[in-house]
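A closer look at the structure
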Amino acid sequence: MPPFRIGLLKRKIESGDEKFSTNEGSTKEESHALEDSDNLFRGDLDDANDATDSEPEINDDNDSDSNNSVDKVIFGDDADSTLGEDEDGEDSDQSSELTDSEADDEDDSEDNENESESEKSVDSGAESGPSQAQSSDEVDKQLPKLRKKTTNASKKQSKVKKQNFKNSVDILAEKIKDSSVSSTTACLPVEQRDEYESGDTSDEEDRRNTTGEVPRWWYDEYPHVGYDLDGRRIMKPPQRDQIDEFLKRCEDPDFWRTVKDPSTGQDVKLSKDDLELIRRLREGHVPDPAHDEYQPWVEWFSREVLATPLRAFPDHKRSFLPSRSDARRVAALVHALRMGWAKTRKQLADERRQKREKEFYNLWGSESEPPRGIHRHIPAPRRPLPSHAESYNPPPEYLLDKREMKEWEKLSATPWLRKYSFLPTRHDSLRAVAAHARYTRERFLRCLDLYLAPRAIAMRESINFVHLEVELEIHIFDKTSQLTIRPEELVPKLPSPRDLQPFPTREALQFRGHAAAVRCLHVHPSGQYLATGSDDRTVKGRERRRPAREPQFSPDRPTDVCLVCAVWEVSTGRCLHTVEAGEAVARVCWSPAAGLALLAAAAGARLLLLAPGDRVGSRRAAETTDRLLDEPPPPHDVAMDERTRSCVQWERVGAERRARGLRLALAHFKDIVHVAWHSRGDYVCVTLRDAASRSVVVHQLSRRRSQLPFRRSKGLVQCALFHPTKPWLFVATQRAVRIYDLARQELVRKLQPGAQWNSALAAHPGGDHLLVASYDSKCMWFDLELSARPYQTLRVHGRAVRAAAFHPRYPLFATGGDDRYIVVSHGMVYNDLLQNPLLVPLKQLPGGEPRDSLVTLDLQFHPTQPWLFAACADSTIRLYS
Amino acid sequence: MVSKKKKKYSSGEGAQFMTRKAALKKLQLSLKDFRRICILKGIYPREPRNRKRAQKGAGGIKTLYHTKDIKFLLHEPILWKLRELKVYQQKIRKARAMREFRQMRKYLRDYPDINIDHIVKERYPTFVDALRDLDDCLTLCFLFSTFPSLKRVPRNQSLLCRRLTVEFMHAIIAAKALRKVFISVKGYYYQAELEGQTITWIVPHHFSFQPQSKDEVDFKIMSTFVEFYTMMLGFVNFKLYHSLNLVYPPKLTAAFSDTDKELVDEQAYVAERIAAMNIPVIKLEGANEVEELPEIDIFQSEGEDPQKLEEAKQEAEKVKKLKTMFKGLKFYINREVPREPLVFIIRCFGGEVSWDKDLFVGATFDESDESIAYQIVDRPNMDKQYLSRYYVQPQWVFDSVNTRTLLPISKYLMGAELPPHLSPFVDKTRDQVYKPPEERALLDPNFKPLNDDEDSGSEIEEASDEDEEGKDDSEVEDPEQALTKQYQQEVEEDSTSEDEDDDIDPEKKKLKKEKKKAMSVTTGVPHKEHPYQKEIEDKQAFRLREKLVRKKYRNLYKSMKAGQEKRKKEIWLLRKKRRLHDEKVKEAKKAEKHKKKIQAIEAASA
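Let us look at the structure shown here. On a predicted model such as this, the values are computed, not experimentally measured, just so you know. (Residues numbered from 1 in each chain as written. Chains lettered and ligands numbered in written order. Predicted model: local features only at pLDDT ≥ 70, side-chain atom pairs only at ≥ 80, totals over all residues. Heavy atoms only, no water.)

1. A few points about the environment of Ser 496 of chain A
All names here are of chain A. Its place among the elements puts Ser 496 in the loop between α17 (487–490) and β8 (507–512). Its relative accessible area of 25% is what places Ser 496 among the partly exposed residues. Residues Ser 496 and Leu 842 lie 346 residues apart in sequence; the distance between their C-alpha atoms is 8.3 Å. (Helix = DSSP H or I, 4+ residues; strand = E, 2+ residues; numbered from the N terminus. Buried < 20%, exposed > 50% of the residue type's maximum accessible area, 1.4 Å probe, protein only.)

2. Notes on the packing of aromatic side chains
Two numbers describe a pair of aromatic rings. These are the distance of the centres and the angle of the planes. Under the criterion given, the structure shown has 44 aromatic pairs over all chains. Ring centres 5.5 Å apart and planes at 75 degrees place the aromatic pair Tyr 88 of chain B and Tyr 107 of chain B in the edge-to-face group. Residue Tyr 88 of chain B is found in helix α6 (residues 78–97), and its partner Tyr 107 of chain B is found in helix α7 (residues 101–109); the two are separated by 19 residues along the sequence. Like Tyr 88 of chain B, the residue Tyr 107 of chain B is buried in the burial classification. What links up through ring pairs into an aromatic cluster is the set Phe 326, Phe 331, Phe 349, Tyr 374, Tyr 390 and Trp 396 of chain B. For Arg 455 of chain A, the ring lying beneath its charged end belongs to Tyr 44 of chain B, and the centroid distance is 3.8 Å. Positioned over the ring face of Trp 355 of chain B is Arg 339 of chain B, at 4.8 Å from the centre of the ring. (Phe/Tyr/Trp six-rings, centres within 6.5 Å; stacked < 30°, edge-to-face > 60°. Lys NZ or Arg CZ within 6 Å of the ring centre and 35° of its normal.)

3. Focus on the sheet that holds strand β3 (residues 178–183) of chain B
Residues and elements named next belong to chain B. With antiparallel pairing, three strands are arranged side by side in an open sheet as β3-β4-β5. With one partner strand each, in any of the chains shown, β3 and β5 (197–204) form the two edges of the open sheet. Taken over all neighbouring pairs, the strand axes of this sheet differ in orientation by 15 degrees on average, direction set aside. Relative to strand β4 (residues 187–194), β3 runs antiparallel, the two being bridged by five bridges. Residue pairing across strands places Val 181 opposite Tyr 190, the latter belonging to β4. (Pairing = 2+ DSSP bridges. Axes fitted to C-alpha atoms, helices over the stretch in contact; angles between N-to-C directions.)

4. Looking at the pairing of strand β15 (residues 606–610) of chain A
Residue and element names in this part refer to chain A. In terms of residue burial, β15 counts as a mostly covered element, since four of its five residues are buried. For strand β14 (residues 599–603) and β15, the ladder comprises five bridges, and the chain directions are antiparallel. Counterpart to Ala 603 in the pairing with β15 is Arg 606. Following β14, the chain reverses through two residues before pairing antiparallel with β15; Gly 604 in that reversal takes a positive phi of roughly 60 degrees. In terms of strand pairing, β15 meets strand β17 (residues 662–668) through five bridges, oriented antiparallel. Opposite Leu 608, over in β17, you have Ala 665 as the bridge partner.

5. Section: the packing of helix α11 (residues 155–175) of chain B against helix α12 (residues 219–243) of chain B
Residue and element names in this part refer to chain B. One way to put it is that α11 packs onto α12 with a least axis distance of 10 Å and a crossing angle of 30 degrees. Crossing geometry of α11 relative to α12 is assigned as left-handed. Contacts between α11 and α12 involve Gln 157, Leu 160, Cys 161, Leu 164, Thr 165, Glu 167, Phe 168, His 170 and Ala 171 from the first element and Ser 223, Val 226, Glu 227, Thr 230, Leu 233, Gly 234, Asn 237, Leu 240 and Tyr 241 from the second. Classifying every residue of the contact of α11 with α12 by side-chain character gives nine nonpolar, seven polar and two charged. (Left-handed = near helix turned anticlockwise from the far one by under 90°. Contact = heavy atoms within 4.5 Å. Nonpolar A, V, L, I, M, F, W, Y, C, P; charged D, E, K, R; others polar.)

6. Points about helix α15 (residues 306–323) of chain B
All names here are of chain B. Its 18 residues place the ends of α15 26 Å apart at the C-alpha level, agreeing with the 26 Å of an ideal helix rising 1.5 Å per residue. Listed in full, the buried residues belonging to α15 are Leu 309, Val 319 and Leu 322. End-on, the buried residues of α15 take up no more than an arc of 140 degrees, which puts them together on one face. Seen from the buried face of α15, the exposed residues on the opposite side, beyond 90 degrees, are Pro 306, Gln 307 and Lys 321. Considering only its buried residues, α15 is in contact with β3 and α17 (394–403). (Expected span 1.5 Å × (residues − 1). Arc of directions from axis to C-beta.)

7. Regarding the sheet that holds strand β7 (residues 352–355) of chain B
Across a sheet, paired strands are connected by hydrogen bonds in the backbone, their directions being either parallel or antiparallel. All names here are of chain B. Read from one edge to the other, the open sheet built from four strands follows the order β7-β6-β8-β9, with strand pairing classed as parallel. The sheet is open, and its two edges are formed by β7 and β9 (390–392), each paired on a single side. Direction aside, neighbouring strands of the sheet carry axes that sit 25 degrees apart on average. Alignment of strand β6 (residues 330–333) against strand β8 (residues 374–376), held across three bridges, turns out to be parallel. Residue pairing for β8: Ile 333 is matched across the bridge by Ile 376. Its contacts with the sheet place helix α16 (residues 339–348) against β6, β7 and β8, and it is angled at close to 155 degrees to β7. Along the sheet face, α17 touches β6, β8 and β9 and points at about 115 degrees away from the line of β8.

This is how it looks when you write it as structure tokens:
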């Protein structure tokens, strides 16, 4: 039983006897019902209990008859029941629990039977119990399974009871009467007696039932519910079956407020106050209606109001005196502070601050050994100093105009490409100058540069030119390189051309007469005559003086002679002699032999040896030449092997051709590319085009025989030259230049010019230097005593170089090609082996007009004068002096 | 015996360099700490000769450090400090996580300090080394001195910067070392000369601090730099004061001695700083009041150019004059003028400065003082003006310092339109530099600027302009022109003399004529050489020689030439813009004149 119920019951007892006496039975019943439903506050009662409850109420009306008669008999029992109310309630709780287990129930019911049978004699009113139990027993036996399955026992029981009632309605009617009588008779006297006779305190009233804390169901099978203080049994009020309950409910208007007291089994009718109390509890209010939740708070103990002292006794005297121990401690602290052993917080903070403050001293005072620094430290370059444009009031030309402003706007996405890192603006006065928005950012970038940008000494070169020794040092830092040299210093310092005179400086003469490009030219060793060969077939040869800058050649003039080879007088520009060769002349070459006037001309595959006759040179020379060529060679020497014979054929010359100057003709099996005389004039070296191993042929005039010096080809032979003094042969192939010793028949040296395609060779008259021209616009100067690599590569031409020539006397050489200019250079060679040759380009001479992208085809210096002859593609020969 | 095969990159460039990652691993540092130690120690990545080899064959571009640099860092005692600091930070973190705030506060309070004195000495073994590298230090410290308290910057750093920069400025004032000043759009440039080293620094204009986004500026990095720079500047200051016989640290104002007054507002702070600049610093006892450098005796050493010596002498003289340029002059600065640079400059050259007493602290004399020589104003006009003084604009001070003389004030008077402010840092010795007419006027007293009203002036200008252009093209052409002129003159003279001869005696002439007929000898015509012949030849020769530039330097040469061309074009553009501008101005002036004339005529007729 919940505790509040105890209080409730107590209050009920206090409230008044009249009520109690009338409602005793009903409360008992009701309490039962409530226990069954396990909820006190539900109010409404179950059907089953209703049936049982109804009985006493019905009987209540009839009580008036039987009350007195039964009074005495049940008296004692009643007293018991009232005393045992408390425990009874608890028991009923237990019983309700017990109903869950049917086996127990059965046992109980059996016990009940036994008990009831034994007590039948004593209590007439108790008869109903056993009879009920019996009936229930019967039903139990009939439907054991049904009972077992039920979980909510109370409901089941009631059902069983109903069935029971249906079976024996008559018996029930009697029982109802009995029970109601007994209950009503039992109630009143108990109350009265309890209150007034025993004279107990309210505490004792609670314990009218002395069974204690035992389960209520122990008493289920007994007619009593416990024992009162005197040890007498408290009898159960008569049990009501469902019909009784039902009737009671129907008849009793107070049924809804009737509950059953479990300790006594009596019905208790709840008073108005009780109901009120229950209502309040259910609504969650304070149970006491008189309680005012919102009554004003009376302060009596807070930090403001201290109505009562904390301690009831007054302070001790020593609490008003300074503490000795404290004083001692303070004195010790004061002493420590005075002595500086201890410090106040402020002092400590000051000290800390002072410690944090940087102490500067003379760091560079003591002359100690400098500590180790960074390995090869590269100091960061300084930021460039501001220009005029950065001024707050710059000169007006630095302000951006419209176009520049447009560009500035365009580069807004990539500001680092802009000309300035700031916008040049003009401020009228100093106070109008605002802070630079990107200043902090710029400083930050500088910081980043200082620790993040890789530094390098970008160039550390000692450039050793002939007259120049410059130490260059550049720091690369943040993409801004600073050069400390001027570009002029990179240009080699060479002597001025003015100091290297004489050299040809301007065009002096033009030899005109050829109709097509002049392929080749050669100056007679005496310097008086010039032989030229050309591609033309339509120009007539006319012996006429053709001074420079005089229009003398008109294409409309009819031509009758096929001229390909001409001899000119240098001093006058007259064409002295022409020879029709039938084919384009690739090469002409005067024999260097003194006292001879012999010209070798390569026309197609034929090498023609021409004697220009008495008009060229002295008559004596012409005679000796004729004589030499006429006399037949010693027969035993004319021995040529098969290979050579297949390659070359010495032809006889007919009288008609002889009259025109032809003396000898050598037919080759391929076209001739190049012809070169030996310095003595006996040998001619001929280079053939596409002739593989037989591309170089050497002819000996005195013996009228030819030789093929090479067995195997070593590449495309471009040209072959005799060494001026030694019995050597220079052979230029496409990539390399080979030097062969003809006497010992071996390769002396292989030079590697490093060009893609060599075009021409020129040997220095001294014989120790060689100039190689190439089609990839380079000229290589070889010092034969120095190395197989060029001593210097001259890139003075913009396009292919086709011709190169040395001056036999002066330290001059010239190169020309598809470029507009012929370059005359100074090439000084020293006898001192330690001194390198000095090469100085001197002059760019304008060549002829370009024809089919050809300009200059051949070059030759005058043997004695600093004059230069150039065979031009515009069918002129130009003389530069 | 089989020798072991050498591993690739174990020697040579591959072993010389180290990527940053490898360096971090070697030093056992976090990137943050590594960055810090790199900044403090002045270690920087290096550009290898061959990047591929230096990166041990790896592609891409990596930050490469010299292995020796990293090994050098390995011996640094601070490295251990950094590691300890890491542990300490962990402690703080833990205390915070455990909510032991008292402990955390204690840790924060006793945060260990890293002493970097030895690094300063190590990076700058001598005082001159430190002075040489002072540019960035000063610029950054001046910037930081304007910073408010920032999140990633230690609180006392900007205070320290303020103190040190003011001390440095005092040292400059005391040493009279300032040489050049320049107002740029970015800030004030100052150039000082200390111990033969030129130091240039920038002081930003007012209100230079603007909140920066995180990816724009990382204040933490800058703060690390400042950490080193403050130490460096402190030691430099000490040494400077020491050498100037001054007490260090100087007692300037209460603002710096008492750091509790941090809540003083910026205005007050600036005012105090400027006021501090107006106080002379305390000299050491026994120090000479005036110690002038002895006259520089320049010895004639062998191989020295006497002209150079003369120039050096003149320069020294000029500098000496500059040092005392404002001596004895009193300046009064109006309140709208930015005072800090002006006070600094005027004090540097021996002037006395004051300002409005009511507005700012530290004024030494009043505006009504009759002995004031110059009042610096930056407003179009003033109500009350004193006759005893000049009212000039601040640019006058700057331009005067740069020209090293007190410039005539006529162009700088109050309300006048200022002439352009020119940078004194443009290198005059370099060629291919555009010189605005104003600068040329400064350099050459005979030069007539274009703005003169007379037409003749402009003509001369044009002529000289062309002249200048010629100069830029090739310096050799100038004498050539002179030569041609001379030659023409000679020819003229010859002809005149002949004429004169003719005039003198006609009889003889007649005789001559007769003789001529008889002898048939024609008078010789002097061979006229083409005036530019020589130059043309030289140029052609040079063009040929150009082709002989070694292959190695050919690209360099080409790029240098291209640069020259570009500069030439720039100069041409600037000159053109100037000409157009001047013409416009002239026309405007003419129009105005014309208008005035018409108005006058109208007035007269009326």
